[in-house]
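Read off the chains here:
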Amino acid sequence: MENWRKNPVVFWLLGIPPSLWLILFFLIPLGIVWFISFGEKRGIVDIAITGTLDNYARALQPLYLQIFWKSIWMAGAATVICLIVGYPVAFAIAFAPERWKIWLMLAVILPFWINILIRTYALIAVFRTRGFANFTLEWLWEKGDWLLAAVGLGEYHLLGERFSPLTMLYNNFAVSMGIVYAFLPFMILPLYANIEKLDRSYMEASLDLGAGHWRTFVSVVFPLTWHGALSGIIIVFIPALGAFFIPELLGGTDSQLIGNVIERQFKAANDWPFGGALSFLLMYATFGALALRAALVGRGKVLEA
Amino acid sequence: MPIGPLEYCRRWWLQLIVGLTFVLLYAPIVTLVAFSFNNSRRNIVWRGFTFDYYVKAWHNQSLFDAFVNSLTIAIVNTAVSTILGVMAALLLWRFRFPGKAAFEGFSALPIVIPEICMGVAMMAFFARIGWPTGLPWPLNLSNITIAHIAFSFPFVAVIVRGRLIGFNRELEDASKDLGAGEWQTLRYIVLPYLRPGIVAGALIAFTLSLDDFVITFFTSGPDTITLPVKIFSMVRFSVTPEVNAASTVLIVITVIATVAATRMQAPARRGSPGGG
Amino acid sequence: MTQRRRTGYTRRTFLAGTGAVAAGLSFHPKLTWAAEEPKLSFYNWDTYIGETTLDDFKDATGIEATMDLFADNDELFAKLKEGNPGYDVIVPTNDFVERMIGAEMLLPLDHSKIPNFKNVGKAFRDAAFDPGRQHSMPYMWGTIGIGYRKSKVNGTPDSWKALLDSDEYSGRIALLGDAQAVIGSTLKYLGHSFNSTNPDEIAKAEALLIKQKPHIKVFADDNGQDLLLSGEVDLTMEWNGDILQVIDEDDDLSFVVPKEGGELWQDCLAIPNGAPHPDNAHKFINFILDAEVGAAVADFIQYATPNEAAKKLMPPEYVNNPAIFPSDEVIARCEPPLYRGETAIQLYDAAWTRIQAA
């Protein structure tokens, strides 16, 4: 890494466009909301910036902290599932024969070019009580039952008296699955980019020296590719925290996440100062997570080129 | 032929896992496409096969306009975000400068921020600075596009940076020693190495833009309806097969476009430096 | 060589430059001197207009109308709060009309430009939320009640009790996702006013809902009727028109307004401040209030029309349908949602957050 003074032309050339965009079209609008979060409502649409901390005090009440915690928990669980599912798929794409790579990548990305709303409704069609997942399970149950009867174990009703469909929708399970379904490619792509550039000879050496595949993965592959995993985790966990849409469509009565509360403040409750305070608290918390990541990466500097 | 130690794709357990994942990934999509032929307005129960809703979707001018808008925004967004994202990634990877940590932090903010907060912020911003409304197409999509770029390019930057971490700087030094200038080094050494990262980043930018609802909703106005916003309001009454039909068409177009792009790209893919 | 470059900015190029700028400026819509161009921007709920109404409007007046969509009143309000992004006619519900009038977001209507106002039924000529109809015209009205599946329910669930206070149908109930509708209906069930701002009464409603929560399957924002149709739930709190649309597809379904009463809403046409074509907007509202146009709209969307002249043109199955036009005594039991001020809204929202989090 060189000091910027060594090459000021390149530095400014690379630096100005993104910085300008960031400041003008992101930081300034955000600043406006930040100011609003220190304000009070005066009448229906006016907001007076009074420098009050009331909104933040309100946001730190146990009611809201509990919701925060639930959101973190839910988003975290979904992220872990994404990681577990994403690694094999990213692996498969990275180690696939050249010709297949782009097709596999396409196959992963394609569902996500379809509008998320429609996909979620399609998810509903699959997972609801009279949906296809339950139809399939019911079919399997009937076959299993018939098999048991054929073997002579019919009267024990080992599989239950009657098929009871699984409730896979309108609960927290559905919300987690919805998040996984929505954010999976954001995990797979960075993982793939990282696994792809892994030097294969490390793996071959490890296998030659007698380690099994799993051991090779744990001791060789993972330490070398965890940067990709970290990128993926960040890209999945953080938006998942603020999601309001998926709990709204797929969740039950128990699935209110912080995103839903914030959304209501800006719309139904028309309480922009409070909504601003809640969003900023959310951001500070996740900012802390990012700082943690920077610290982790800093400590692992030996892995940087 | 016996399976080589690294030929993971030929091992049954990986094939099983990946296969299962793809089945679960595509089951809702297949349902979606199948139900686009459903002869029922509410699309809950199957009532018979028909092409009617494709015809309806074709004649639905507002749906079509929304689709064109979404596509335009997504394309512009992908182009600009990729460029800005690569620039930001290169900047952070290459240079030390005062305030670097702050810059890194700020450029990560669009990823951290709840979408609705950003949507509201953009809306307030454009209203307060008096951004002109009622411009002719495609300029009236400008404020949506700007908002999209603002939240997309940090994603691209993160992905490209992930790729850059493994880049061997000695290649860059060697190139300079051999007399190449900055631009040439960039073009012939760094960028080809980055290509998987850039492609991944561009794909994400495109997806984010096409899918985005919250931020687009707050920054859009009359004549600038995009597909997600249109669908969200249509869905208030039910997802009619019309919407499924439109989505199916979108999928087909996307597949064709990507296949074409891949075919055009294939010959150049041999011999990319830096491992692949 | 450099000298010639500096003198490249001749007078000619300067004039050409200003000419180009002037030509460009003349295309800017805000600078045209002519009368309003024949365009209209209509911001409406989805499919809440007749099939050919907009085209008919163009044929009748030559004004081209485009329709944009919003999903609920809160969205509409949030969009317009910071300034009108260019809409001419909007369709808020009555309590939002009240709120927007209070926030001075609506343009006063010029009744002389809306002669078809004479078609409006007597009951709708005036309104508590908009005295003298200065800012809005009635569009459609209706109720919120219980949609249910006849074969799965004992008798007729003519009370909110089945949804709000009993475990008879545990896990087969859906409520709306709107704080005001649900809390308001609960207040009605408890014998209070739909619009109560009494914190004790709201607390009682909140406690009841929290107690009932384990039996409720989902708070369905817009798709309660779909859940009913697909068999996911057997009872749902929904708008009458939505249930009517699914009754069409499955006649095992039915609709009833509970005996304690429910919400009686009215959607209105209004012109937001800063509308670019207020004159065209008036023409449009007048067009909608025409008898035949009103009848076509009502026929397509199957909600109750406040337009007496249009109602006369409708077939008997529409006029006599109790789900569309409830009897007077049902109407007497229902209450319109009123806007009670921002603090009331915050009170409801806080209660709703607690209910959801419990």
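In this text the structure is predicted, and so the values were computed from the model without any measurement. (Residues numbered from 1 in each chain as written. Chains lettered and ligands numbered in written order. Predicted model: local features only at pLDDT ≥ 70, side-chain atom pairs only at ≥ 80, totals over all residues. Heavy atoms only, no water.)

Another point: the overall build of chain B. Looking only at helices and strands, one finds 11 helices and 1 strand in chain B. Among the 276 residues that make up chain B, the fraction classed as buried is 58%. For chain B, contacts bridging at least 24 residues in sequence account for 72% of all contacts bridging at least 6. (Helix = DSSP H or I, 4+ residues; strand = E, 2+ residues; numbered from the N terminus. Buried < 20%, exposed > 50% of the residue type's maximum accessible area, 1.4 Å probe, protein only. Contact = heavy atoms within 4.5 Å.)

So, about the confidence of the model for chain B. Residue-level pLDDT values for chain B average 77, and 82% of them are 70 or greater. Contacts for the low-pLDDT stretch residues 266–276 of chain B, under 50 throughout, to residues beyond four places or in other chains number 10 contacts. (pLDDT = per-residue confidence, 0-100.)

A cluster of nonpolar side chains, namely Trp34, Phe35, Ile49 and Tyr284 of chain A, defines an oily patch on the protein surface of about 420 Å² accessible area. Relative to the elements of secondary structure, Phe35 of chain A occurs in helix H1 (residues 8–36). (Patch = residues over 30% accessible without salt bridge, like charges linked within 9 Å, V, L, I, M, F, W, Y side chains within 5 Å. Areas by Shrake-Rupley, 256 points an atom, 1.4 Å probe, with all protein chains shown as cover. Salt bridge = Lys/Arg side-chain N within 4 Å of Asp/Glu carboxyl O.)

Compared with the 20 Å implied by 1.5 Å per residue over 14 residues, the 20 Å span of helix H8 (residues 199–212) of chain C between its first and last C-alpha is a close match. The backbone nitrogen of Asp200 of chain C has a side-chain oxygen 2.9 Å away, supplied by the residue at the start of H8 of chain C, namely Asn198 of chain C. (Expected span 1.5 Å × (residues − 1). Polar contact = N/O pair within 3.5 Å; in protein donor to acceptor, adjacent residues only side chain to side chain.)

The next subject is the pattern of salt bridges. Between side chains of opposite charge, a pair can form as their charged atoms come close. Taken as a whole, this structure holds 18 salt bridges over all chains when the rule is applied. For the salt bridge of Glu172 of chain B with Arg169 of chain B, the shortest nitrogen-to-oxygen distance reads 2.8 Å. On the criterion of helical spacing, the pair formed by Glu172 of chain B and Arg169 of chain B is a turn pair, its members being 3 residues apart in helix H7 (residues 169–177). Residues Glu172 of chain B and Arg169 of chain B agree in their burial class; the two are buried. Here Lys211 of chain C ties to Asp165 of chain C by a salt bridge, and the two come within 3.6 Å at their closest N and O atoms. One end of the pair, Lys211 of chain C, is in helix H8; the other, Asp165 of chain C, is in the loop between helix H6 (161–164) and strand E5 (173–176), with 46 residues separating them in the sequence. Judged by relative accessible area, which is 24%, Asp165 of chain C ranks as partly exposed.

With that settled, the discussion passes to the pairing of strand E4 (residues 136–149) of chain C. Side-chain direction in a regular strand flips from residue to residue, so the side chains alternate between the two faces of the sheet. All names here are of chain C. Buried residues dominate E4, accounting for 14 of its 14 residues. Of the pairings in the sheet, the one linking E4 to strand E8 (residues 253–256) comprises 4 bridges and is antiparallel in character. Across the sheet, Gly147 pairs through a bridge with Phe255, a residue of E8. (Pairing = 2+ DSSP bridges.)

Time to look at the state of the cysteines. As enumerated under the stated definition, the model contains 0 disulfides over all chains in all. Unpaired in this structure, Cys268 of chain C has its nearest cysteine sulfur neighbour in Cys334 of chain C, at a distance of 17 Å. (Disulfide = S-S within 2.5 Å.)

Below, the discussion takes up unusual backbone geometry. Residues and elements named next belong to chain C. Although it is not a glycine, Glu104 sits at a positive phi angle of roughly 55°. Tracing the chain through its elements places Glu104 in the loop between helix H5 (94–102) and E4. Look at Glu104 and you get exposed, because its relative accessible area is 65%. Positive phi outside glycine occurs at Gln302, with the angle close to 60°.

Here the focus is the packing of aromatic side chains. Per the stated rule, a full pass over the model turns up 36 aromatic pairs over all chains. Between the aromatic rings of Tyr48 of chain C and Tyr139 of chain C, the centroid separation amounts to 5.4 Å while the plane-to-plane angle is 85°, which identifies the pairing as edge-to-face. Of this pair, Tyr48 of chain C sits in the loop between strand E1 (39–44) and helix H3 (53–61) while Tyr139 of chain C sits in strand E4, placing them 91 residues apart in sequence. Judged by centre distance (5.7 Å) and plane angle (35°), the ring pair of Phe124 of chain C and Trp141 of chain C falls under tilted. Taken together, the positions of Phe124 of chain C in the loop between H5 and E4 and Trp141 of chain C in strand E4 put the pair 17 residues apart, joining distant regions of the chain. The exposure classification of Phe124 of chain C matches that of Trp141 of chain C, with both residues buried. Grouping aromatic residues by their ring pairs yields a cluster made of Tyr87, Phe91, Phe95, Trp214, Phe217 and Phe222 of chain A. The ring centre of Phe117 of chain C lies 5.8 Å from the NZ or CZ of Arg125 of chain C, which sits over that ring. (Phe/Tyr/Trp six-rings, centres within 6.5 Å; stacked < 30°, edge-to-face > 60°. Lys NZ or Arg CZ within 6 Å of the ring centre and 35° of its normal.)

Between two packed helices, the angle of one axis relative to the other and the distance separating the axes together describe the packing. Residues and elements named next belong to chain C. Two elements in contact, helix H7 (residues 179–189) and H8, have axes separated by 9 Å at closest approach and are oriented at 100°. With respect to H8, the element H7 is oriented roughly perpendicular. In this structure, H7 uses Val182, Ile183, Thr186, Leu187 and Tyr189 to contact H8, whose residues at the interface are Glu201, Ile202, Ala205, Leu208 and Leu209. For the contact of H7 with H8, a count of residues per class yields 8 nonpolar, 1 polar and 1 charged. (Axes fitted to C-alpha atoms, helices over the stretch in contact; angles between N-to-C directions. Parallel < 35°, antiparallel > 145°, perpendicular 65-115°, else oblique. Nonpolar A, V, L, I, M, F, W, Y, C, P; charged D, E, K, R; others polar.)

Counting residues at the interface gives 97 residues for chain B and 92 residues for chain A. In total, about 9,200 Å² of surface goes out of reach between chain B and chain A, with carbon and sulfur atoms giving 79% of it. Taken together, the connections running from chain B to chain A amount to 1 salt bridge. Along the contact surface separating chain B from chain A lie 4 residue pairs in polar contact (both at pLDDT 80 or more). The dominant element in the side of chain B that touches chain A, judged by the number of residues it contributes, is helix H1 (residues 12–35) of chain B, at 14 residues. Here the side of chain B that touches chain A is built from residues that sort into 74 nonpolar, 12 polar and 11 charged. Pairing of strand E1 (residues 2–3) of chain A with strand E1 (residues 95–96) of chain B, which is carried by 2 bridges, proceeds in the parallel orientation. The residue of E1 of chain B that forms the bridge with Asn3 of chain A is Arg96 of chain B. (Buried area = accessible area lost by both parts, 1.4 Å probe.)

On to the environment of Thr93 of chain C, then. Residue and element names in this part refer to chain C. Residue position: Thr93 is located in the loop between strand E3 (89–90) and H5. You can call Thr93 buried: its relative accessible area is 7%. Along the primary structure Thr93 and Gln346 are separated by 253 residues, whereas in three dimensions their C-alpha atoms are 19 Å apart. Look past the residues within four positions of Thr93 in its chain and what remains in contact with it is Trp45, Asn73, Trp265, Gln266 and Asp267.

This part is about the pairing of strand E6 (residues 216–220) of chain C. Residues and elements named next belong to chain C. Burial runs high along E6: 5 of the 5 residues are buried. Strand direction decides the pairing type here: E5 and E6, joined by 4 bridges, are parallel. Bridge pairing in E6 links Ala174 to Val218.

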